[in-house]
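As a plain string of letters, each chain reads:
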Amino acid sequence: MSDVENVVAQPRTSERGAATRTSLLAAAREIFVSKGFAEAGVTDVVARAEASVGSLYHHFSGKADLYLTLFEEWQARQTQRTKQAARAARADGESDPMRVFLSAARAYLDGCLEEREVAALFLRGDGPPGFDVVMRDRLRMWAQRNAALFEDEPALVVVITGALAAAVSEVVRTGDRRLAEEVLAIIGQIRPTGSATASSSG
C-alpha cells in the first residue's frame, strides 16, 4: 500500500474504532442499567455490542473504565446544559445570582429526567470501588462553581448545593417533574441571614 493509500485508509480505521467504542459504551449503559454494575460482566457487554473482548480491552481497561467513561460523558452533557442555561439567563438580562443558579439547576434537573435511567445508575451506589470518592469530588467541584455566583456567602452555597443534591436524588427516583419545580421554587426563596436581617430591620 502506498503512503497516499495508507493516509486515505487510516480515517476509515479510526471511524471503525470510534464506532466500536460507541457501541461498547451503549451496550455497557444498557447492561449496567438492567443488571447493575456488580452483576454485569465484560462478556455481557461485548455480546450486546456484538464486539470482541479484545476490542473492548483495546478501548477500555475494563468494566470500571466503561462505567467511569459513561459517568464522565453524562457529567459533560449536564455541564453543557447548565452552562447554556446560565448563559441564556444572563443574555436575557438576568443579574440576580439566585435566578441564574435556578436556571442552571432547572437545566440540570431536566437533564436528569431526560436521562433518568443513566442518572439513577450513578446515584444508586452500585459502582466500582472508589466511585463514592469520585461523586464526593464532583459535588465539591459543583459547590465551587456555585460559590463563583454567590461571592462571600459560603453558607448559602452549602445550603443550596446540599438541597439541590437531595432534590436530584428524589427527582430521579420518582421521575416527578412537578416536584422538581416545587423544590426550585423553595430554593429560590433561600437568602443569606444577612439579607433576611436587613430586610426585617428595613
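Residues numbered from 1 in each chain as written. Predicted model: local features only at pLDDT ≥ 70, side-chain atom pairs only at ≥ 80, totals over all residues. Heavy atoms only, no water.

Trainee: Can you help me understand the packing of helix H5 (residues 97-114) against helix H9 (residues 177-187) in this one?
Mentor: A pair of packed helices is captured by two measures, namely the crossing angle of their axes and the spacing between those axes. At their nearest, the axes of H5 and H9 sit 10 Å apart, and the two run at 160 degrees to each other. Between H5 and H9, the angle falls in the class roughly antiparallel. Judged by the twist between their axes, the crossing of H5 over H9 is right-handed. Of the residues in H9, those in contact with Met98, Phe101, Leu102, Ala105, Arg106, Leu109, Asp110 and Leu113 of H5 are Arg177, Ala180, Glu181, Leu184 and Ile187. (Axes fitted to C-alpha atoms, helices over the stretch in contact; angles between N-to-C directions. Helix = DSSP H or I, 4+ residues; strand = E, 2+ residues; numbered from the N terminus. Parallel < 35°, antiparallel > 145°, perpendicular 65-115°, else oblique. Left-handed = near helix turned anticlockwise from the far one by under 90°. Contact = heavy atoms within 4.5 Å.)

Trainee: For this particular structure, what's the right way to read the layout of surface pockets?
Mentor: Empty space left among the atoms is revealed by rolling a probe the size of a water molecule over them. The volume enclosed by the largest pocket comes to roughly 650 Å³. Tyr108, Arg138, Trp142, Arg145 and Asn146 are the residues nearest the centre of the largest pocket, which is lined by 26 residues in total. Those elements giving two or more residues to the lining of the largest pocket turn out to be helix H4 (63-91), H5, helix H7 (131-149) and helix H8 (154-174). Counting residues per element, the lining of the largest pocket draws most heavily on H4, at 9 residues. In terms of residue class, the lining of the largest pocket is built from 16 nonpolar, 5 polar and 5 charged. (1 Å grid on protein atoms, 1.4 Å probe; cavity = no way out; pocket = protein on both sides within 12 Å on 5 of 7 lines; lining within 4 Å. Points joined across faces, edges and corners; volume = space filled by probe spheres on them. Nonpolar A, V, L, I, M, F, W, Y, C, P; charged D, E, K, R; others polar.)

Trainee: Help me out: how do you make sense of the packing of aromatic side chains in this one?
Mentor: Geometry of an aromatic ring pair is reported as the spacing of the ring centres plus the angle between the planes. Under the defined criterion, the tally for this structure stands at 12 aromatic pairs. With 5.5 Å between their ring centres and 50 degrees between their planes, phenylalanine 32 and phenylalanine 37 make a pair best called tilted. Residue phenylalanine 32 is classed as buried on the basis of its relative accessible area, which comes to 0%. Exposure remark for phenylalanine 37: the relative accessible area of 7% places this residue in the buried category. Their ring planes at 20 degrees and their centres at 5.6 Å tell us that tyrosine 108 and tryptophan 142 sit as a pair that is stacked. Placement of the pair is tyrosine 108 in helix H5 and tryptophan 142 in helix H7, with a sequence separation of 34 residues. (Phe/Tyr/Trp six-rings, centres within 6.5 Å; stacked < 30°, edge-to-face > 60°. Buried < 20%, exposed > 50% of the residue type's maximum accessible area, 1.4 Å probe, protein only.)

Trainee: Sorry if this is basic, but what is going on with the pattern of salt bridges here?
Mentor: Two side chains with opposite charge may pair up if their charged atoms get near one another. Applying the stated rule across the entire model yields 13 salt bridges. Its salt-bridge partner being glutamate 30, residue arginine 48 comes within 2.5 Å of it at the nearest N-O pair. Separated by 18 residues along the polypeptide, arginine 48 in helix H2 (residues 42-49) and glutamate 30 in helix H1 (residues 3-35) bring together distant segments of the chain. Since its relative accessible area comes to 40%, glutamate 30 is described here as partly exposed. A salt bridge links lysine 35 to aspartate 44; the nearest nitrogen and oxygen atoms lie 3.1 Å apart. By relative accessible area, lysine 35 is classed as partly exposed at 42%. Take aspartate 44: its relative accessible area is 21%, and that puts it in the partly exposed class. (Salt bridge = Lys/Arg side-chain N within 4 Å of Asp/Glu carboxyl O.)

Trainee: What is the right way to look at H8 in this model?
Mentor: The α-helix winds at 3.6 residues per turn, so residues separated by three or four positions along the chain end up facing the same way. Across its 21 residues, H8 extends 30 Å between first and last C-alpha, which sits within 8% of the 30 Å expected from 1.5 Å per residue. Every buried residue of H8 is listed here: Leu156, Val157, Ile160, Thr161, Leu164, Ala167, Val168, Val171 and Val172. The arc that holds every buried residue of H8, seen down its axis, measures 130 degrees, which confines them to one face. With respect to the buried face of H8, the exposed residues turned more than 90 degrees away are Ala155, Val158 and Arg173. Along its buried surface, H8 packs onto H5, helix H6 (116-123), H7 and H9. Of the residues one or two after H8, glycine 175 is the one with positive phi, at around 70 degrees. (Expected span 1.5 Å × (residues − 1). Arc of directions from axis to C-beta.)

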